[in-house]
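Coordinate inspection notes
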Amino acid sequence: MRPKVDFLGIGAQKAATSWLYQNLRQHPDIWMPPRKELHYFDRSPLYPSSSELASERLINRLFGTEPYNKGFMSRFTRGLARSIKDNNLNHARWALSYFLGTYSDDWYRSLFASGGGKVKGEITPSYSILNLEDVKQINEMFPELKVILILRNPIERAWSHVRFDWGHLVLNGPGQLDKVRQFIDDPNQSLRSDYVRTLDIWSACFPKDQLFIGFYDDIVERPQEVLGNLCQFLGLSVFSNDPVLNRRVNVSRVQDMSKEIHLYLSNKYYTVLQKLSDLLDGTCTAWLKESEEILNAAKQYPAPGRMMPVGAAHGN
């Protein structure tokens, strides 16, 4: 029998997916690859995400002149060095299979062969931006797949990613707001915060009982409860993972959000927050109220319950 994948973590980016990976892989009945983020289903260069796996054949990845092929070697050397540093022969073998294989659906399944009879899965936040056709393909491969999506206030998610890439963005000094706008409005970022699109596409392909929708806020406040709910969702016994449970993983730079940036993001994501509040209520409604408070304080919100016109905060 070909190995199957039991669950996928599909995001959102900067919403505790590294925490999720570190905790789930400690469960005695779960097997996850030694590498977080396999990027198999979003490998097409048409996606605004990492595409180093875009070329099916190794020779093209090694000698191709396309930007994604040029990036492959850097990723390969870093990944192999990491597995050697782990001093784990099985991890090194897995890394060689991951980087040097001929990519196909069967190859992807083979990456989980070491999991045996355990519950197997992986986490790649970029899967949240997949289009409908690719999610349909995932459903055809794994119809019983369980899908995990952790949502974070899109305003906070976007700002966290800005802080994470702070050095690359050279945000210190004049023109900071313009640089933040350019970064946030890039398709790679806009898609990652478009939770409504993600929910629409994945719920069209998988039934409700195969979708776990969690919240970053709950992980911060009640990590053990969230982990327990996830275990139950995966059909596993609840376990306590105290050494990793309260540890922050892959942390962004500490930097306060300026009022100017907060207002811009509140305006940008107001419509998304309204739709999320209608869909999911609870935590999402609290996010919407926070956004309304920012907009009302700046006198840039027309009236409670009304849609914010696009660009209204900047007079466009």
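**Some details on helix α3 (residues 67-85)**
Given a rise of 1.5 Å per residue, 19 residues ought to cover 27 Å, and the 28 Å separating the end C-alpha atoms of α3 matches this to within 8%. Here α3 has its buried residues at Asn69, Phe72, Arg75, Phe76, Gly79 and Ser83. One or two positions beyond α3, positive phi appears at Asn87, with a value near 55 degrees.

**Quick look at unusual backbone geometry**
Residue Ala12 is reached from Gly11 by a cis peptide bond, and omega for that bond is 0 degrees. Looking at the secondary structure, you find Ala12 in the loop between β1 (7-9) and α1 (17-24). The backbone of Lys14 sits at a positive phi, close to 60 degrees, despite the residue not being glycine. Tracing the sequence through the fold places Lys14 in the loop between β1 and α1. The class for Lys14 is buried, based on a relative accessible area of 12%.

**Focus on the packing of helix α15 (residues 259-268) against helix α17 (residues 283-297)**
Close contact between α15 and α17 brings their axes to 9 Å; oriented N to C, the two are set at 120 degrees. Considered as vectors, α15 and α17 are oriented oblique to each other. Here α15 and α17 pass one another in a crossing that is left-handed. Judged by residue contacts, His262, Leu263, Ser266 and Asn267 of α15 engage Ser291, Ile294 and Leu295 from α17.

**Overview of the side chain of Glu52**
Looking at the element boundaries, Glu52 is found in the loop between β2 (30-31) and α2 (58-63). Dropping the residues within four chain positions of it, Glu52 is found in contact with Arg61, Tyr68, Gly71, Phe72 and Arg75.

**Quick word on the packing of aromatic side chains**
The final tally for this structure, using the stated rule, is 18 aromatic pairs. On the numbers, 6.0 Å between centres and 75 degrees between planes, the contact of Trp31 with Phe112 is edge-to-face. You can see Trp31 sitting in strand β2 and its partner Phe112 sitting in the loop between α5 (105-110) and β3 (119-123), a full 81 residues away along the chain. Between the aromatic rings of Phe41 and Tyr127, the centroid separation amounts to 5.5 Å while the plane-to-plane angle is 65 degrees, which identifies the pairing as edge-to-face. Of this pair, Phe41 sits in the loop between β2 and α2 while Tyr127 sits in the loop between β3 and α6 (132-141); the two residues are 86 residues apart in sequence, bridging distant segments of the chain. The cationic tip of Arg181 hangs over the ring face of Tyr264; the distance from NZ or CZ to the ring centre is 5.3 Å. A cation sits over an aromatic face here: Lys268 above Tyr269, 5.6 Å from the ring centre.

**A look at the confidence of the model for the protein**
For the protein, the average pLDDT comes to 86, and 86% of its residues sit at 70 or higher. Low pLDDT (under 50) marks residues 302-316, which in the prediction has 25 contacts with non-local residues, meaning those over four places away or in another chain.

**Overview of the nonpolar core**
In terms of nonpolar packing, the biggest core is built from 87 residues, with Leu8, Phe41, Tyr108, Trp202 and Leu265 touching the most fellow members. The biggest single contributor to this core is helix α11 (residues 195-205), with six residues. Ignoring sequence-local partners within four residues, the contact set of Leu265 consists of Ile155, Ala158, Trp159, Ile184 and Met257.

**Details of the pattern of salt bridges**
Side chains that differ in charge, positive against negative, can pair when their charged atoms come close. Using the criterion set out here, one finds ten salt bridges in the structure. Arg109 is the partner of Asp106 in a salt bridge, and the nearest nitrogen-oxygen pair spans 3.2 Å. Residue Asp106 and its partner Arg109 are located together in helix α5, separated by three residues, close to a single helical turn. Given a relative accessible area of 44%, Asp106 falls into the partly exposed group. Using a relative accessible area of 9% as the deciding quantity, one classes Arg109 as buried. A salt bridge links Glu221 to Arg222, with the shortest nitrogen-to-oxygen separation between them at 3.2 Å. Through salt bridges with shared partners, one network takes in Asp218, Glu221, Arg222 and Glu225.

Calculation criteria
Residues numbered from 1 in each chain as written. Predicted model: local features only at pLDDT ≥ 70, side-chain atom pairs only at ≥ 80, totals over all residues. Heavy atoms only, no water. Helix = DSSP H or I, 4+ residues; strand = E, 2+ residues; numbered from the N terminus. Expected span 1.5 Å × (residues − 1). Buried < 20%, exposed > 50% of the residue type's maximum accessible area, 1.4 Å probe, protein only. Axes fitted to C-alpha atoms, helices over the stretch in contact; angles between N-to-C directions. Parallel < 35°, antiparallel > 145°, perpendicular 65-115°, else oblique. Left-handed = near helix turned anticlockwise from the far one by under 90°. Contact = heavy atoms within 4.5 Å. Phe/Tyr/Trp six-rings, centres within 6.5 Å; stacked < 30°, edge-to-face > 60°. Lys NZ or Arg CZ within 6 Å of the ring centre and 35° of its normal. pLDDT = per-residue confidence, 0-100. Core = buried A, V, L, I, M, F, W, Y, C linked by side-chain atoms within 4.5 Å. Salt bridge = Lys/Arg side-chain N within 4 Å of Asp/Glu carboxyl O.

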